[in-house]
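Architecture at a glance
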Amino acid sequence: MAVIIDGKKASGEILRFLQLMVADIKLKHNIAPTLAVILVGDDPASKVYVSKKEEMAKKIGFNSLMINLPDGTGQKEIAEKIEELNQDDEVNAILVQLPLPDYLDSHALINGISPMKDVDGFTPYNFGLLATGKESVVPCTALGIMKLLEEYNIQLAGKNVTIVGRSNIVGKPLAHLMMAKNATVTVAHSKTENLKEHTLNADILVCATGKKHLITSDMVKEGAVVIDVGITRGEDGKLAGDVDYENVKEKASFITPVPGGVGPMTIAMLAYNTYKLFAIQKAFPEGSK
Ligand code: NDP
């Protein structure tokens, strides 16, 4: 039976630490980090994610600037809004909630965020730094997974890692972070042949596909560490991951639940990145957690 990796607990500790740092800075300097979030349209899931981010910002003591633009807002208008935030010294971190409506060019808009304020680490500049092993702002979910592994003292050097899912926001950045820690990384995707062969070879298996219970226990090596990023909502309204949790937990050595595993860490890393950008801009000490 696997050790259940408690993302709520780990994220709670990070958030409490940041809360104290922010309170101290507020007391001494009367300033606080400001996170600006742009939401375009009214996609219900995006609205929920944005409200969670606002809630987190309030809890930590950040200033939050929520910018809701109606569906149909033009590319140029959004680009100008981003540039306005880039130029605003009061704003330390900028996030554009994805996915954007189809008529918009997401890549161009993300590219318009100043790398110094790119809290998600999605700009080509920050991604390039990550890919070349340099200090950068790292996408929140990938960073959260690395922090969880660290928290549970799970070593990466020399291990076989299989990441199922190659998105720019999870799979790709995580592959770079894990390679930098000397893991041997395989990245699988929807066109991968014999997926099971790759998952069975993994000492550490990460799944980020959004396909409910894609990973069954026969696909997991005995004693593997299993990290489940996927979130799908079933017809019963319950959240499920990519992994058949009930059966896989009998075989794995460590496993993340859904919910309560990677999800809370993503939010905690957004707080961490917001504070980090603020600290760099204002030359305050960075958080060590
Ligand atoms: P994307 O849709 O961008 O990427 C999904 C990836 O999974 C793609 O690379 C796709 O392959 C691959 N894939 C899909 N089906 C299969 C399959 N049958 N076998 C192997 N690979 C497959 O999703 P995201 O990366 O944005 O998100 C993935 C999941 O993680 C979602 O459920 C999302 O909600 C969740 N998520 C959770 C977060 C958290 O905080 N817990 C944060 C971010 C995401 P291909 O490239 O070939 O299409």
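Quick caveat, the model's predicted, so the values are computed rather than measured.

As for the overall build of the chain
- When its secondary structure is counted, the chain shows 10 helices and 11 strands.
- Taken over the C-alpha trace, the chain has a radius of gyration of 19 Å; the compact-globule value for 289 residues is 19 Å, and the two agree within 12%.
- Projecting the C-alpha coordinates of the chain onto the three principal axes gives extents of approximately 55 × 45 × 40 Å.
- When the 289 residues of the chain are sorted by exposure, 49% land in the buried category.
- Summarising the internal contacts of the chain: among those between residues at least 6 apart in sequence, 70% fall at separations of at least 24.
- For the chain, the exposed area adds up to about 13,900 Å²; of that, 52% sits on carbon and sulfur atoms.
- Put simply, the chain has 31 plus and 35 minus side-chain charges, and the middle of one group is 4 Å from the middle of the other.

What to know about a nonpolar patch on the surface
- On the surface, Tyr49, Ile231 and Leu239 cluster together to form a nonpolar patch covering roughly 250 Å² of accessible area.
- In this fold, Ile231 is placed in the loop between strand E8 (225-228) and strand E9 (232-233).

Section: the sheet that holds strand E11 (residues 254-255)
- Taken together, 6 strands build an open sheet; the order of strands is E1-E11-E8-E7-E5-E6 and the sheet is parallel. Either end of the sheet is taken by a strand with one partner, and the two such strands are strand E1 (3-4) and strand E6 (184-188).
- Against the sheet, helix H7 (residues 171-180) engages strand E5 (160-164), E6 and strand E7 (204-207), with an angle of about 170° to E5.

A look at the packing of aromatic side chains
- Overall, the coordinates contain 3 aromatic pairs when judged by the stated rule.
- Arranged with centres 6.0 Å apart and planes meeting at 50°, the rings of Tyr275 and Phe278 form a pair that is tilted. Of this pair, Tyr275 and Phe278 both sit in helix H10 (residues 262-282), separated by 3 residues, roughly a single helical turn. The same class applies to Tyr275 as to Phe278, namely buried.
- An aromatic cluster is present here, built from Tyr275, Phe278 and Phe284 joined pairwise through their rings.
- Stacked on the ring of Tyr272, the Lys or Arg Lys147 has its end atom at 4.6 Å from the ring centre.

Remarks on the side chain of Ser11
- Relative to the assigned elements, Ser11 resides in helix H1 (residues 7-29).
- In this structure Ser11 comes out as buried when scored by relative accessible area, which is 5%.

Description of the nonpolar core
- Core analysis: the largest hydrophobic core is formed by 60 residues, its most contacted members being Met56, Ile145, Met178, Val206 and Tyr275.
- The biggest single contributor to this core is H10, with 12 residues.
- Domain assignment of the residues forming this core places at least three in each of domain 1 (30-115) and domain 2 (140-263).
- Here Ile145 is in contact with Leu174, Met178, Val206, Ile227, Val229 and Val262, once residues within four sequence places are set aside.

Observations concerning the domain arrangement of the chain
- In terms of domain boundaries, the chain breaks down into domain 1 (30-115) and domain 2 (140-263).
- Using only C-alpha atoms to locate each centre, domain 1 and domain 2 end up separated by 29 Å.

Concerning the packing of H1 against H10
- Between H1 and H10, whose axes approach to 8 Å, the crossing angle comes to 25°. With respect to each other, H1 and H10 are oriented roughly parallel. When you trace H1 past H10, the crossing you get is left-handed. Across from Gly7, Lys8, Ala10, Ser11, Ile14, Leu15, Leu18, Met21, Val22 and Ile25 in H1, the residues of H10 making contact are Pro264, Met265, Ala268, Met269, Ala271, Tyr272, Tyr275 and Phe278.
- Residues of the contact of H1 with H10, tallied by class, amount to 15 nonpolar, 2 polar and 1 charged.

Rules behind the numbers
Residues numbered from 1 in each chain as written. Predicted model: local features only at pLDDT ≥ 70, side-chain atom pairs only at ≥ 80, totals over all residues. Heavy atoms only, no water. Helix = DSSP H or I, 4+ residues; strand = E, 2+ residues; numbered from the N terminus. Rg over C-alpha atoms; globule rule 2.2 N^0.38 Å. Buried < 20%, exposed > 50% of the residue type's maximum accessible area, 1.4 Å probe, protein only. Contact = heavy atoms within 4.5 Å. Areas by Shrake-Rupley, 256 points an atom, 1.4 Å probe, with all protein chains shown as cover. Lys, Arg positive; Asp, Glu negative; His and termini not counted. Charge placed at Lys NZ, Arg CZ, Asp CG, Glu CD. Patch = residues over 30% accessible without salt bridge, like charges linked within 9 Å, V, L, I, M, F, W, Y side chains within 5 Å. Salt bridge = Lys/Arg side-chain N within 4 Å of Asp/Glu carboxyl O. Pairing = 2+ DSSP bridges. Axes fitted to C-alpha atoms, helices over the stretch in contact; angles between N-to-C directions. Phe/Tyr/Trp six-rings, centres within 6.5 Å; stacked < 30°, edge-to-face > 60°. Lys NZ or Arg CZ within 6 Å of the ring centre and 35° of its normal. Core = buried A, V, L, I, M, F, W, Y, C linked by side-chain atoms within 4.5 Å. Domains from an automatic or database assignment. Parallel < 35°, antiparallel > 145°, perpendicular 65-115°, else oblique. Left-handed = near helix turned anticlockwise from the far one by under 90°. Nonpolar A, V, L, I, M, F, W, Y, C, P; charged D, E, K, R; others polar.

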